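Okay, here's what each chain looks like letter by letter:
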Amino acid sequence: MKDRIIGFDLARAYAIFGMFIVNFNFSFGNVNPTENVMGRFLNLFTGNSTSIFIILAGMGVSLMTNKSEISIQEKAKYKSIILKRSWFLFIFGLLLFNWWSGDILHFYGGYMHIAAFILFMPKRYYLWIISIIIVVYHFLLWLIPVDTSWDFITYKYTDFWTPIGFLRNTLYNGWNSIFPWFSFFVIGMWLGKLDWNTKLIRRTVFIVGLFLFATIQLIRFWAKNPYLDDYTHRYILSEYFPPYLPFLIVTAGFALMIIPICMFLGDQFKDAKIIHYLAKTGQMTLSHYVIHITVGMLILEKLTGKTYTGFLEDEIPTAPQYILLYALLFFIVSVTFSWLWSKKFKNGPLETIMRKISG
């Protein structure tokens, strides 16, 4: 069990590092297609890091309750804990929204709230739920223009704080809206019910991930054919927004490769100090997420001499090499902080507050 947890936390550490790159690049760099090799490299983290982050959150919920026998009282207790945590994250995320427009925490709270009601279903039903979520999302695409209320020059959502705008953003066309992003959370819940102590499970998950990832990449290579119509071309090659089916499959496949790799590294190097430092970092992803979009953004604002707005960079983009270097240094500081903090406390700062509230 200990080794398994180390592997999962390594994956969380990888995900938060990827989110550092994506979010710093969004606010101060260039997220648009670029001919710059380093710029293209940074854009590879877009979507992949978020999907891993959400899948691991779903796994965490499943692992917390994954017991051979569990009483009705225990089920009620776990459901209460998860619901309280979901509201904590939802409210905290909304408080952050005016500072960081790309907040994922209030969506994350929404995922957890729904998860509390399907947590004890047999895992075979999760695959049906994933399919339904994706089908509903594509139905909504036909029903409501996906760019409704978006200003794609600044990436501002014009009516977020109205009842209709808030529901539309949360359920359908927000950055990580419940349809279809909750499907990643359910994938994580399904994975969390597997026996990760067996090498066969890890190997199978990796192979499935590799197959999904390679298949979509081959289709995307073919989709560059100039004879395809514009809609088909955009549908297959779309990245992050809107999250069409090919994007969902390729990012899920990437996550299914990364998680077993991290499990392998956790097993092979379980006594290495750096592995334990990274695992501690992975255990504090909530704190690191908030720190990097507040303290991290303010420091980068001073270093670049630009004005942080919480929206897409509207000045001359900072060079991708600089963004990557800053993200790497900030991650090193985060790892160091995690190690020092763990000497005195069991959980990260915000994790401790959330646990006190939820029990």
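Our structure is the block above this text.
Residues numbered from 1 in each chain as written. Predicted model: local features only at pLDDT ≥ 70, side-chain atom pairs only at ≥ 80, totals over all residues. Heavy atoms only, no water.

## Looking at the overall build of the chain
Right, so step 1: When you go through the chain residue by residue, the secondary structure sums to 15 helices and two strands.
Right, so step 2: Taking 359 residues into account, the globule formula puts the C-alpha radius of gyration at 21 Å, and the chain, at 20 Å, falls close to it.
Right, so step 3: Each principal axis of the C-alpha distribution contributes one length, and for the chain these read about 55 × 45 × 45 Å.
Right, so step 4: Accessible surface, the chain as shown: approximately 17500 Å² in total, 69% of it carbon and sulfur.
Right, so step 5: In the chain, 31 positive and 20 negative side-chain charges are present, and the distance between their average locations comes to 12 Å. (Helix = DSSP H or I, 4+ residues; strand = E, 2+ residues; numbered from the N terminus. Rg over C-alpha atoms; globule rule 2.2 N^0.38 Å. Areas by Shrake-Rupley, 256 points an atom, 1.4 Å probe, with all protein chains shown as cover. Lys, Arg positive; Asp, Glu negative; His and termini not counted. Charge placed at Lys NZ, Arg CZ, Asp CG, Glu CD.)

## Considering the side chain of Asp-9
Right, so step 1: With respect to the helices and strands, the residue Asp-9 is situated in helix H1 (residues 2-28).
Right, so step 2: Given the relative accessible area of 3%, Asp-9 is considered buried.
Right, so step 3: Look past the residues within four positions of Asp-9 in its chain and what remains in contact with it is Leu-278, Ala-279, Gly-282 and Gln-283. (Buried < 20%, exposed > 50% of the residue type's maximum accessible area, 1.4 Å probe, protein only. Contact = heavy atoms within 4.5 Å.)

## Description of helix H3 (residues 48-65)
Along an α-helix, residues three or four positions apart point the same way, because every turn accommodates 3.6 residues.
Right, so step 1: Along its 18 residues, H3 runs 27 Å from first to last C-alpha, staying within 8% of the 26 Å computed at 1.5 Å per residue.
Right, so step 2: By the criterion of burial, H3 is predominantly enclosed, with 16 of the 18 residues buried. (Expected span 1.5 Å × (residues − 1).)

## Let's talk about the packing of H3 against helix H8 (residues 178-192)
The axes of two packed helices give the description: the angle between them and the distance between them.
Right, so step 1: At their nearest, the axes of H3 and H8 sit 6 Å apart, and the two run at 45° to each other. In terms of orientation, H3 lies oblique with respect to H8. Every pair of crossing elements has a handedness; the one defined by H3 and H8 is right-handed. Contact with H3, carried on its side by Thr-50, Ser-51, Ile-54, Ile-55, Ala-57, Gly-58, Met-59, Val-61, Ser-62 and Leu-63, involves Trp-181, Phe-184, Phe-185, Ile-187, Gly-188, Met-189, Leu-191 and Gly-192 of H8 and no other residues of that element.
Right, so step 2: Looking at the contact of H3 with H8, its residues break down into 12 nonpolar, six polar and no charged. (Axes fitted to C-alpha atoms, helices over the stretch in contact; angles between N-to-C directions. Parallel < 35°, antiparallel > 145°, perpendicular 65-115°, else oblique. Left-handed = near helix turned anticlockwise from the far one by under 90°. Nonpolar A, V, L, I, M, F, W, Y, C, P; charged D, E, K, R; others polar.)

## Comments concerning the packing of helix H13 (residues 285-304) against helix H14 (residues 320-342)
Right, so step 1: Their axes nearest at 11 Å, the elements H13 and H14 cross at an angle of 135°. What the angle tells us is that H13 and H14 run oblique. Crossing of H13 against H14: the hand is right-handed. Contacts from His-288, Ile-291, His-292, Gly-296, Ile-299, Leu-300, Leu-303 and Thr-304 in H13 reach Tyr-322, Ile-323, Tyr-326, Phe-330, Ser-334, Phe-337 and Ser-338 in H14.

## Remarks on unusual backbone geometry
Right, so step 1: For the bond from Phe-179 to Pro-180, the omega torsion is 10°, close enough to zero to count as cis.
Right, so step 2: Structurally, Pro-180 can be placed in helix H8.
Right, so step 3: Cis geometry marks the peptide bond from Phe-241 to Pro-242; its omega dihedral reads -5°.
Right, so step 4: Among the structural elements, Pro-242 can be located in the loop between helix H10 (230-237) and helix H11 (245-268).
Right, so step 5: The phi angle at Ser-149 is positive, at roughly 75°, despite the residue not being glycine.
Right, so step 6: Of note, Ser-149 is situated in the loop between helix H6 (124-143) and strand E1 (150-151).
Right, so step 7: One non-glycine residue, Tyr-240, lies in positive phi territory at about 65°.
Right, so step 8: Owing to a relative accessible area of 12%, Tyr-240 belongs among the buried residues under this scheme.

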